[in-house]
Amino acid sequence: MTDLSSEEAREEALELLDELTDRQLEARWNDGPTTGAVLRAVAANPDRVRCATGYIHPDDDWPATSTVYVRPERPFRIAVGPSQFYGPFPGDPEYDEDEEYVHPDWCECEGLRQYIRDELGLDQQYGPDEILPDGPRWLPPDADAGEPAQWLRLWWD
């Protein structure tokens, strides 16, 4: 739905909400939001929410979204730590289980998690594994390229 206009994204989300089964709408990828919550958020706020990536469970027709783009009503300051994205990961020789990435005091990722839950209706069980700014290189086709919008890519790995 990233390459659709806002109205096209809304229409596609509404169609999928009608076509998918209850089980399909309850699918989620790695503690991220359910498929139904993402589609309802896109239908209600296509200028603020888009889904980009989905998976099909190998045993069932079970669509789940791993990546959601959001454009909050206000900018959120997000700290990004290298350990969050590039490793080393458990099992790597240089991995240190005592080393944790600590967000600086000014980081607002918790506020963003509350916003996407309370204002946009995403029902994730945990925060995303990655929160990355993803604009202005990515904008829906009907977006104003001069708009100082902050699109964020939320990814549940």
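Keep in mind it's a predicted model, so treat the numbers as computed, not measured. (Residues numbered from 1 in each chain as written. Predicted model: local features only at pLDDT ≥ 70, side-chain atom pairs only at ≥ 80, totals over all residues. Heavy atoms only, no water.)

## A closer look at helix α5 (residues 109-118)
So, point 1. The complete set of buried residues in α5 reads C109, L112, Y115 and I116. In a view along the axis of α5, the buried residues occupy a sector of 110°, so they form one face of it.
So, point 2. In the core, the buried residues of α5 are packed alongside β2 (63-70), β3 (130-133) and β4 (152-155). (Buried < 20%, exposed > 50% of the residue type's maximum accessible area, 1.4 Å probe, protein only. Helix = DSSP H or I, 4+ residues; strand = E, 2+ residues; numbered from the N terminus. Arc of directions from axis to C-beta. Contact = heavy atoms within 4.5 Å.)

## Description of the environment of E11
So, point 1. As for its position among the elements, E11 is in helix α1 (residues 6-19).
So, point 2. Classification of E11 as partly exposed rests on a relative accessible area of 42%.
So, point 3. Placed 31 residues apart in sequence, E11 and V42 show a C-alpha to C-alpha distance of 9.3 Å.

## Observations concerning a negative patch on the surface
So, point 1. Together, D3, E8, E11, E12, E15, D18, E19 and D142 make up a negatively charged patch on the protein surface.
So, point 2. Tracing the chain through its elements places D142 in the loop between β3 and β4. (Patch = residues over 30% accessible without salt bridge, like charges linked within 9 Å, V, L, I, M, F, W, Y side chains within 5 Å. Areas by Shrake-Rupley, 256 points an atom, 1.4 Å probe, with all protein chains shown as cover. Salt bridge = Lys/Arg side-chain N within 4 Å of Asp/Glu carboxyl O. Lys, Arg positive; Asp, Glu negative; His and termini not counted. Charge placed at Lys NZ, Arg CZ, Asp CG, Glu CD.)

## Things to note about the confidence of the model for the chain
So, point 1. Taken over all residues, the pLDDT of the chain has a mean of 79, while the share at 70 or more is 72%.
So, point 2. Per-element confidence in the chain ranges from a low mean pLDDT of 46 for helix α4 (residues 82-85) to a high of 95 for helix α3 (residues 35-44). (pLDDT = per-residue confidence, 0-100.)

## Focus: the packing of aromatic side chains
So, point 1. The tally for this structure, following the rule as stated, stands at one aromatic pair.
So, point 2. When the ring of F76 is compared with that of Y115, the centres are 5.9 Å apart and the planes differ by 50°; the resulting orientation is tilted. Separated by 39 residues along the polypeptide, F76 in the loop between β2 and α4 and Y115 in helix α5 bring together distant segments of the chain. Per residue, the accessibility class of F76 equals that of Y115, and both read buried. (Phe/Tyr/Trp six-rings, centres within 6.5 Å; stacked < 30°, edge-to-face > 60°.)

## Focus: the nonpolar core
So, point 1. V68, V70, L112, I116, L122, I131 and L154 are the most contacted members of the largest nonpolar core, which has 29 residues in total.
So, point 2. Top element by residues in this core is α3. It accounts for five residues.
So, point 3. Beyond its immediate stretch of four places on either side in the chain, L122 contacts P33, A37, V38, A41, V68, V70, I116 and R117. (Core = buried A, V, L, I, M, F, W, Y, C linked by side-chain atoms within 4.5 Å.)

## Examining α3
So, point 1. Of all 10 residues in α3, eight are buried; the element is thus mostly enclosed.
So, point 2. Of all the positions in α3, only T35, G36, A37, V38, L39, A41, V42 and A43 are classed as buried.

## Focus on the pattern of salt bridges
So, point 1. Enumeration over the complete set of coordinates arrives at five salt bridges.
So, point 2. With its nearest N and O atoms 3.4 Å apart, the salt bridge here joins E7 to R10. Placement of the pair is E7 and R10 together in helix α1, with a separation of three residues, close to one helical turn.
So, point 3. Judged by relative accessible area, E7 falls into the partly exposed class, the value being 42%.
So, point 4. R113 is paired through a salt bridge with E110; the nearest N and O atoms lie 2.8 Å apart.

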